[in-house]
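# A look at the structure
So the chains spell out like this:
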Amino acid sequence: MTDLAAPEKEAVTPVVDIGEVEGLSEKPESFGRQAWDRFRRHKVAIAGAVMLVLIILLFIFAPMFTPYAPDEPNVLERNQGPSLNHPFGTDDLGRDLMARVFTGGRVSLLIAFVVSLLATTLGTLLGAIAGYLGGFTDTAVSQVINLFLAVPLLPVLLVFAVRFGSNPISVALLLSLFLWIRAARVVRGQFLTLKSMEFVQAARAMGAKPMRIIGRHVLPNTLGPILVEATLLAGLAIILESTLSFLGLGVKPPDTSLGVLVDEAKGFITDRPTRILIPGSMITLIVLSINFLGDGLRDALDPTSRVGD
Amino acid sequence: MTTNGNPVLRVEDLSVAFKTKHGYAEAVRGLSYDVMPGESVAIVGESGSGKSVNALALLGLLPRTARITGSALFEGEELIGMDPDTLRKIRGRRISMIFQDPMTAFNPVFTIGNQIAEIITIHDSSVSDNEATKRATDLLDLVGIPHPERRVHQYPHEYSGGMRQRAMIAMAIANSPTLLIADEPTTALDVTIQAQVMETLAAAQEETGAAMVLITHDLGLVAGVADRVQVMYGGRIFERAETRELFYNPINPYTRGLIQSIPRLNEERGVRLNPIPGNPPSIIRMPKGCAFSSRCEFRTQVCMDQPAELEPVTDGHWSRCHNTATLPPVDDPRLIPGGAGR
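Computed from a prediction, not measured in an experiment: that's the story for all the values here.

### Focus: the overall build of chain B
Secondary structure assignment for chain B yields 11 helices and 12 strands. Projected onto its principal axes, the C-alpha coordinates of chain B cover approximately 65 × 50 × 45 Å. Burial statistics for chain B: of 342 residues in total, 48% are counted as buried. When contacts within chain B are restricted to residue pairs at least 6 apart in sequence, those whose partners lie at least 24 apart make up 64%.

Now the structure itself:
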């Protein structure tokens, strides 16, 4: 009996009992696992995620392998269409458009990432404070949000861009300054709803401290919406960056971005439509992928939805 | 229940008012009662009678706009006006609350076990997470959750309503409190599940030896569980008696009305229910006299002029009525629970 002979099997194997009926899988699944299962079923979101990862990898690593530098002019090969040598063609200075799209894309993605991170963090912080504390703080933050909502975004961005724009980081900071309100609105609303939920009341009744209630009971429940908002903000940042750059007020040469490329191409729309189509569709592709991803996350991160629902 | 020893909870002249545009809304008006160790006291009343507000006031869970006066001694300590941090340490450890809606009373992003373990570790940081989860499993077992060792790792949405309420009970007794406050613990559940959950609640109370304040609007629910019943109306206690006594010999016209309006299975078909006419008074504009006077079939002039006092009628049986002496005897067979329906 002391050796390693076959371990004792479970003495009783229960026949079907009530406990087996409802939602009792063999091994309980973690929330992350369930979210992943839901996400996996969202075909469009998967497509978006895959596309986005491919694009990011491409932008990060491809410039190391392209034979041309993005800012290397070549007077002999100006304004060419796509060819084997230059798959995306060249611009009016003979620079390789593929190399420029990749480097410009990097900048656009960098801006998207910074804006998403910054605006979401700032918005979450202020939205959470306003929503949880309520009262005067909430009124103050809400009025600031309303103020921001009342300004016509593009003209004001333009004015600010004239003063502060021109390099990618300043464009990112500028966009964050105007986009945090979106995250703040979402988070404030979530906090308002959640703080009156019974489980928050229950946590108080169980003797939890306020910081614990926020950190453990409210914030995790807003994580889904926050992530979704962060994703959508990234997409929006790319669009706005392109718009500003197209108007000559965002990223400025020699720095480049997808918006700058579109801007540079605008004089050649009839002669070389590929010059505007390639960076333009790249913008669309990125933003579309991001939005698909956001859509999938929205469904996957809702803790109350079930696999198969 | 014996009445020797000190009460776990002694509420004295507790009043709660909320400031509104139209003046103060007095939800609880001069409430006094005792709860003895291990005893179950039911507080029964309609919506707006102040029964839940009373509980939230004790635990300091009302919004800051509430004006609370009076006294509530819990094991000799004054709860009203207690420093929030001290009160927080009492909540969930020495006084636990069971909430009405088990569907929303759990945080959807954490497992049930996680949440039961949390209440243990909040109050005793020396307990390891593993140990706490093990205790959570035992507690789930205690309240009759099948396969507790697996269920403990499941999320609230994987539980049925009845199971969630059981888990809620497990959570409430996790730290062996001396007082349980159950606020409409079965209102959100199917009638078929209600009885089971009440049994679980009674068993859990027995297990921990805790006293219980059971807040409900369902008189039928208290019959099997409570030792004493207090009927609340308009923020005040209208009748207080031992459970049996209250059902067999209701004195107050309001209590009689309540009991008469309970439908019975053993009644002849076609007999109409006998509801209390009218609505409870607005707590913003309470009548000058007895709060129930406008709906009372026995009212006299004095009822409309001045409020009645809660007075002892027989030993341990109190009623708030001007006309106790002149009320007709209880001869309605409907007033006898399970009695012949003729």
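There's more to say after this.
### Points about the overall build of chain A
Regarding its fold elements, chain A presents 11 helices and zero strands. Seen in sequence order, chain A has helices and strands lined up from the N terminus as α-α-α-α-α-α-α-α-α-α-α. For chain A, the proportion of its 309 residues judged to be buried stands at 41%. Intrachain contacts of chain A at a sequence separation of at least 6 include 72% that bridge at least 24 residues.

### Brief notes about helix H7 (residues 168–195) of chain A
Compared with an ideal rise of 1.5 Å per residue, which puts 28 residues at 40 Å, H7 of chain A spans 39 Å between its outermost C-alpha atoms and is within 8% of the ideal. Of all the bends in H7 of chain A, the greatest measures close to 40° and is centred on Phe 178 of chain A.

### A word on the packing of helix H5 (residues 135–150) of chain A against H7 of chain A
All names here are of chain A. It is the contact of H5 with H7, at a shortest axis distance of 10 Å, that shows an interaxial angle of 130°. Relative to H7, H5 is oriented oblique. Seen along the crossing, H5 lies across H7 with a hand that is left-handed. Residues Val 141, Ile 145, Phe 148 and Leu 149 of H5 form the contact with H7, whose own contacting residues are Phe 178, Ile 181, Ala 184 and Arg 185. Its residues assigned to classes, the contact of H5 with H7 comprises seven nonpolar, no polar and one charged.

### A look at the domain arrangement of chain B
Residues and elements named next belong to chain B. For chain B, the assigned domains are domain 1 (9–232) and domain 2 (234–263 + 274–335). For domain 1 and domain 2, the distance between their C-alpha centres works out to 28 Å. Facing 26 residues of domain 1, the contacting portion of domain 2 comprises 22 residues. Looking at the side of domain 1 that touches domain 2, the elements with two or more residues in it are strand S2 (23–35), helix H8 (219–222) and strand S9 (228–233). Among the elements that line the side of domain 1 that touches domain 2, the one with the most residues is S2, at nine residues.

### Focus: the confidence of the model for chain A
Mean pLDDT over chain A: 82, with 87% of residues reaching 70 or higher. A low-confidence stretch, residues 1–23 of chain A (pLDDT under 50), is modelled with seven contacts involving residues beyond four sequence positions or located in other chains.

### Considerations on the sheet that holds strand S10 (residues 236–242) of chain B
Residues and elements named next belong to chain B. Spatial ordering of the open sheet is given by S6-S7-S8-S3-S9-S10-S12-S11, a layout of eight strands whose pairing is mixed. Pairing within the sheet leaves two strands with one partner each, and these edge strands are strand S6 (95–98) and strand S11 (310–314). Between one strand and the next, the sheet's axes are offset by a mean angle of 20°, whatever the strand orientation. One ladder, built from five bridges, connects strand S3 (residues 40–45) with strand S8 (residues 211–216); its direction is parallel. Among the inter-strand pairings, Ile 43 is bridged to a residue of S8, identified as Ile 215. Against the sheet, helix H1 (residues 51–58) contacts S3, strand S7 (179–183), S8 and S9, and its axis sits at roughly 140° relative to S8. The sheet strands contacting helix H6 (residues 161–172) are S6 and S7, and the helix crosses S6 at an angle near 170°.

### Looking at the environment of Phe 88 of chain A
Residue and element names in this part refer to chain A. Structurally, the position occupied by Phe 88 is in the loop between helix H3 (43–65) and helix H4 (97–133). It is 5.2 Å that separates the C-alpha atoms of Phe 88 and Met 98, two residues lying 10 residues apart in sequence. Discounting chain neighbours no more than four positions away, the residues touching Phe 88 are Pro 82, Leu 97, Met 98, Val 101 and Ile 278.

### Comments concerning the nonpolar core
Residues Val 115, Leu 233 and Ala 237 of chain A together with Ala 170 and Leu 179 of chain B are the most contacted members of the largest nonpolar core, which totals 173 residues. Top element by residues in this core is H4 of chain A. It accounts for 16 residues. Formed jointly, this core draws a minimum of three residues from each of two domains, domain 1 (9–232) and domain 2 (234–263 + 274–335) of chain B. Those residues in contact with Leu 233 of chain A, other than ones at most four positions away along the chain, are Val 115, Ser 116, Ala 119, Thr 120, Leu 179, Arg 182 and Ala 183 of chain A.

### Regarding the confidence of the model for chain B
Residue and element names in this part refer to chain B. In this model, chain B carries an average pLDDT of 86, and 95% of its residues clear a pLDDT of 70 or more. Note that pLDDT drops below 50 for residues 338–342; the model gives that stretch eight contacts with residues more than four away or on any other chain. The complex model carries a pTM of 0.73, and its ipTM stands at 0.74.

### Considering helix H7 (residues 191–208) of chain B
Residues and elements named next belong to chain B. In this model H7 runs 26 Å from its N-terminal to its C-terminal C-alpha over 18 residues, within 8% of the 26 Å that 1.5 Å per residue would give. Those residues of H7 that fall on the buried side of the exposure criterion are Val 197, Met 198, Thr 200, Leu 201, Ala 204, Gln 205 and Thr 208. End-on, the buried residues of H7 take up no more than an arc of 165°, which puts them together on one face. Those residues of H7 that are exposed and aimed more than 90 degrees away from the buried face are Thr 192 and Glu 206. Buried residues belonging to H7 abut S3, helix H4 (129–142), H6, S7, S8 and H8. Two residues or fewer past H7, Gly 209 is found with a positive phi of approximately 70°.

### Considering the pairing of S6 of chain B
Note on strand geometry: in a regular strand, side chains alternate between the two faces of the sheet. Residue and element names in this part refer to chain B. Residues Ile 95 and Met 97 line one face of S6 and the alternating positions Ser 96 and Ile 98 line the opposite face, and both faces are buried. As defined by bridge partners, S6 adjoins S7 across four bridges and the pair is classed as parallel. Looking at S7, one finds that Ile 95 is bridged to Leu 179.

### With respect to the sheet that holds strand S5 (residues 77–78) of chain B
Residue and element names in this part refer to chain B. With respect to topology, four strands assemble into an open sheet ordered S2-S1-S4-S5, the strand pairing being antiparallel. In this open sheet, the two strands that pair with only one neighbour each are S2 and S5. Strand direction decides the pairing type here: strand S1 (residues 9–20) and S2, joined by nine bridges, are antiparallel. Among the inter-strand pairings, Val 16 is bridged to a residue of S2, identified as Val 28. Packed on one face of the sheet, H1 meets S1, S2 and strand S4 (66–74) and runs near 75° to S2.

### Here we look at the packing of H6 of chain B against H7 of chain B
Residue and element names in this part refer to chain B. It is at 10 Å that the axes of H6 and H7 come closest, and there the two elements cross at 15°. Considering the angle they form, H6 stands roughly parallel to H7. At the point where H6 passes H7, the crossing takes the right-handed sense. Contact with H6, carried on its side by Gly 161, Gly 162, Gln 165, Arg 166 and Ile 169, involves Ile 193, Gln 196, Val 197, Thr 200, Leu 201 and Ala 204 of H7 and no other residues of that element. Class assignment of the residues belonging to the contact of H6 with H7 gives a composition of five nonpolar, five polar and one charged.

The rules behind these values
- Residues numbered from 1 in each chain as written.
- Chains lettered and ligands numbered in written order.
- Predicted model: local features only at pLDDT ≥ 70, side-chain atom pairs only at ≥ 80, totals over all residues.
- Helix = DSSP H or I, 4+ residues; strand = E, 2+ residues; numbered from the N terminus.
- Buried ≥ 20, exposed ≤ 12 C-beta atoms within 10 Å, placed from the backbone.
- Contact = placed C-beta atoms within 7 Å.
- Expected span 1.5 Å × (residues − 1).
- Bend = angle between axes of the 7 residues up to and from the residue.
- Axes fitted to C-alpha atoms, helices over the stretch in contact; angles between N-to-C directions.
- Parallel < 35°, antiparallel > 145°, perpendicular 65-115°, else oblique.
- Left-handed = near helix turned anticlockwise from the far one by under 90°.
- Nonpolar A, V, L, I, M, F, W, Y, C, P; charged D, E, K, R; others polar.
- Domains from an automatic or database assignment.
- pLDDT = per-residue confidence, 0-100.
- Pairing = 2+ DSSP bridges.
- Core = buried A, V, L, I, M, F, W, Y, C linked by C-beta atoms within 7 Å.
- Arc of directions from axis to C-beta.

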